[in-house]
Amino acid sequence: MLRLNLTAAPEWLELAPGLRLQVAPLTTALMVSARADPAIEAMPEEASQEELALAMAKSVARRAVLAWEGVGDDAGEAVPVTPDNIDALLEVWPVFEAFQTQYVARGLLLEQEKNVSAPAPNGPSTGATATARPVKRRAKPAPRG
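Residues numbered from 1 in each chain as written. Predicted model: local features only at pLDDT ≥ 70, side-chain atom pairs only at ≥ 80, totals over all residues. Heavy atoms only, no water.

Some words on helix H3 (residues 49–64)
Here H3 spans 22 Å end to end across 16 residues, near enough to the 22 Å set by a 1.5 Å rise per residue. By the burial criterion, the buried members of H3 are Ala55, Met56, Ala57, Lys58, Ser59, Val60, Ala61 and Ala64. (Helix = DSSP H or I, 4+ residues; strand = E, 2+ residues; numbered from the N terminus. Expected span 1.5 Å × (residues − 1). Buried < 20%, exposed > 50% of the residue type's maximum accessible area, 1.4 Å probe, protein only.)

Side note on the confidence of the model for the chain
Confidence in the prediction for the chain averages 81 pLDDT; 68% of positions are at 70 or higher. Per-element confidence in the chain ranges from a low mean pLDDT of 79 for helix H5 (residues 93–113) to a high of 98 for strand E3 (residues 65–69). Below a pLDDT of 50 lies the segment residues 111–121, which in the model reaches 4 contacts outside its immediate sequence neighbourhood of four places, other chains included. Note that pLDDT drops below 50 for residues 123–128; the model gives that stretch 4 contacts with residues more than four away or on any other chain. (pLDDT = per-residue confidence, 0-100. Contact = heavy atoms within 4.5 Å.)

Points about the sheet that holds E3
With antiparallel pairing, the 3 strands of this open sheet are ordered in space as E1-E2-E3. The open sheet has two edge strands with one neighbour each: strand E1 (11–16) and E3. Between one strand and the next, the sheet's axes are offset by a mean angle of 25 degrees, whatever the strand orientation. Sheet topology places E1 next to strand E2 (residues 19–23); 5 bridges connect them, and they run antiparallel. Residue pairing in the sheet places leucine 13 in a bridge with leucine 21 of E2. In the packing of H3 onto the sheet, the strands contacted are E2 and E3, and the crossing angle to E3 comes to about 85 degrees. Contacts between helix H4 (residues 83–90) and the sheet are confined to E2 and E3, with E3 contributing the most and set at about 65 degrees to the helix. (Pairing = 2+ DSSP bridges. Axes fitted to C-alpha atoms, helices over the stretch in contact; angles between N-to-C directions.)

Some words on the pattern of salt bridges
On inspection of all chains with the given rule, the structure shows 5 salt bridges. Its salt-bridge partner being arginine 20, residue glutamate 69 comes within 3.0 Å of it at the nearest N-O pair. Placement of the pair is glutamate 69 in strand E3 and arginine 20 in strand E2, with a sequence separation of 49 residues. A relative accessible area of 38% places glutamate 69 in the partly exposed class. Judged by relative accessible area, arginine 20 falls into the partly exposed class, the value being 28%. Of the charged contacts, one joins arginine 62 and aspartate 37 as a salt bridge, the two residues approaching to 2.7 Å between their closest N and O atoms. A residue pair is termed long-range when its members are at least 10 positions apart, and arginine 62 in helix H3 and aspartate 37 in the loop between helix H1 (28–35) and helix H2 (38–41) qualify at 25 residues. Sharing partners across several salt bridges, the network here consists of Asp37, Arg62, Arg63 and Asp87. (Salt bridge = Lys/Arg side-chain N within 4 Å of Asp/Glu carboxyl O.)

Right under this line is the structure:
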């Protein structure tokens, strides 16, 4: 069952001990805007899936992250939420993975839930072996004369 969250309230995600991000709700408008990001559109066709995933995560994060706690510079001073700082934060592998899992993946899970409909005739079940035994036909009775 799809549960609608009709509140537009931001939420806090804990991505690592001492690192929290306040994020806007993951909405269709946010995702459409992220997909239209010039950085995404400028990706070369030969870009790997990993490169595309990182670029998309950064694009989503630049739109979604409203505030954070536990992000600092080399001297340990807190840094502001800016597009460049968001990009730098997502270059940290565990942070990227946590953001993908806790925020972006929720939208993708809904996308996957749509895939529970009957398989298309040319879909992944094409060529699958049957599990039911064939029906044996009974001989027709001889005509009465």
